[in-house]
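# Descriptive structure summary
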Amino acid sequence: MKLSIAVLSGDGIGPEIMQQGVAVMDAIAEKFNHQVTYKEAICGAHAIDLVGDPFPEETFNVCKEADAVLFAAVGDPRFDNDPTAKVRPETGLLAMRKKLGLYANIRPIQTFDCLLHKSPLKTELVKGADFVCIRELTGGMYFGEKYQDNDRAYDTNLYTRPEVERILKVGFEFAMKRKKHLTVVDKANVLASSRLWRQIAKEMEPAWPEVTVDYMFVDNASMRMIAEPTFFDVIVTENTFGDILTDEGSCISGSMGLLPSASTGELTPLFEPVHGSWPQATGKNIANPLAQILSVAMLFEHFNLLEEGALVRKAVDASLDANVRTPEIQVEGGPAYGTREVGQWIVDWIKRQ
């Protein structure tokens, strides 16, 4: 297969982990006789510094013309600490999602047996946890009408029926591929937008008779995710709730550096780690590249290259089992490995198979 990949390394540790992700993709392409070409483009604070726009039109065109986008991270403390900033790296993310029509964020949450001790939760709670959060990504408060003055501010949580139907359809489809259990998360006891979500979900239920559907208020869901994470199979929810719940869920594995994600929709699909740019670690060769590498696995799987994706996952598992790990997940007294060393070990392991 021929694949054209837009590479958006972004800010902070982004370029370091991206280098490892691309190296793994090249190793897989060589083993399975695929032809992968790359085109790099700027985004985030890096793009603001260069052209004043966190997602410039040229970057959009590179993404639009590619088969997939491999993205790392954006963010810079210069903007976090300046509430008056007119443009921020994160606005580039919103623009990218909107322009590419990436309305479905797919974030798997899974545990690794050899890292259960790293989870902040008790081992007996997290062992076997394996679920997917599907977050609506282009609607709700993040994109609704906004206003702010010195005394008053509001954000409008607007959803339309087509927006809700298409993301619920993704949820039902994922449930059918897994354990056929879908949890719709909302706040229907308070919010009109949530009542629309619940109404439409109930209307769609009969079309998916094999799927067991339950409904959960977001406050209850956030508690249940910590108290009983193994309860969930597929969660589907709106943008703001999904943003919060997926970050909460990411701690279950013991490190955000282990979790990839995908965003799909109308145009080019995008694959990225769930963590941020971690600017404090830039250039120190300590960032965990596994989430970026597992994003490559999700990219292959999106194109139904399942054997390729499985081999990436096996390589990651092998590295963890061999204690080839970056500092935040290394066992006490274990050998020291950096970003580059972990990536190279995984590439070498793939080539030996």
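Report follows, based on the coordinates. (Residues numbered from 1 in each chain as written. Predicted model: local features only at pLDDT ≥ 70, side-chain atom pairs only at ≥ 80, totals over all residues. Heavy atoms only, no water.)

Looking now at the nonpolar core. As a rule of thumb, nonpolar side chains are buried together in soluble globular proteins. Of all hydrophobic cores here, the largest spans 69 residues; its most connected members are Ile5, Leu168, Leu290, Ile346 and Ile350. Excluding residues within four positions of it along the chain, Ile350 makes contact with Val24, Ala27, Ile28, Lys31, Leu311 and Ala315. With 19 residues, the next largest nonpolar core counts Ala129, Cys133, Leu245 and Ile252 among its residues. (Core = buried A, V, L, I, M, F, W, Y, C linked by side-chain atoms within 4.5 Å. Buried < 20%, exposed > 50% of the residue type's maximum accessible area, 1.4 Å probe, protein only. Contact = heavy atoms within 4.5 Å.)

With that settled, the discussion passes to the side chain of Thr138. As for its position among the elements, Thr138 is in the loop between β5 (130–136) and β6 (146–148). Looking at Thr138, its side chain comes within polar contact range of the side chain of Arg166, at 3.4 Å. Residues contacting Thr138, with those up to four places away along its chain left out, are Arg97, Lys98, Leu102, Tyr103, Phe143, Glu163, Arg166 and Asn239. (Helix = DSSP H or I, 4+ residues; strand = E, 2+ residues; numbered from the N terminus. Polar contact = N/O pair within 3.5 Å; in protein donor to acceptor, adjacent residues only side chain to side chain.)

Bringing the environment of Glu328 into the picture now. Within the secondary structure, Glu328 is located in the loop between α12 (306–321) and α13 (339–352). When the C-alpha positions of Glu328 and Thr212 are compared, they lie 38 Å apart, and in sequence the two are 116 residues distant. Once you skip the residues sitting within four places of it in the chain, Glu328 turns out to touch Lys118, Ser255, Ile286 and Asn288. A polar side-chain atom of Glu328 sits 2.9 Å from a polar atom in the side chain of Thr326.

Bringing the pattern of salt bridges into the picture now. Here the structure, examined in full by the defined rule, presents 18 salt bridges. Measuring nitrogen to oxygen at the nearest pair gives 3.1 Å for the salt bridge that ties Asp247 to Arg107. Of this pair, Asp247 sits in helix α10 (residues 239–250) while Arg107 is found in strand β4 (residues 104–110), placing the two residues 140 residues apart along the sequence. Look at Arg107 and you get buried, because its relative accessible area is 7%. Glu203 is paired through a salt bridge with Arg161; the nearest N and O atoms lie 2.8 Å apart. Pair noted here: Glu203 is in helix α8 (residues 192–204) and Arg161 is in helix α7 (residues 161–177), with a separation of 42 residues, a long-range link. (Salt bridge = Lys/Arg side-chain N within 4 Å of Asp/Glu carboxyl O.)

Here the focus is the packing of aromatic side chains. Summed over all chains, the structure comprises six aromatic pairs. Seen from their ring centres, Tyr147 and Tyr154 are 5.7 Å apart, and the 25 degrees between their planes marks the pair as stacked. Its relative accessible area of 31% is what places Tyr154 among the partly exposed residues. One cation-aromatic arrangement involves Arg166 over Tyr103; the distance from NZ or CZ to the ring centre is 4.0 Å. Positioned above the aromatic ring of Phe231 is the side chain of Arg224, whose terminal nitrogen or guanidinium carbon lies 3.9 Å from the ring centre. (Phe/Tyr/Trp six-rings, centres within 6.5 Å; stacked < 30°, edge-to-face > 60°. Lys NZ or Arg CZ within 6 Å of the ring centre and 35° of its normal.)

Across the sheet, which stays open at both edges, the ten strands sit in the order β2-β1-β3-β12-β11-β4-β5-β10-β8-β9 with mixed pairing between neighbours. Two strands in the sheet have a free side with no partner beyond their single neighbour: β2 (35–40) and β9 (212–217). Between one strand axis and the next, the sheet turns through 25 degrees on average, direction left out of account. Both strand β1 (residues 2–10) and β2 contribute to a ladder of six bridges, which runs parallel. When the sheet's bridge partners are listed, Ala6 is paired in β2 with Lys39. (Pairing = 2+ DSSP bridges. Axes fitted to C-alpha atoms, helices over the stretch in contact; angles between N-to-C directions.)

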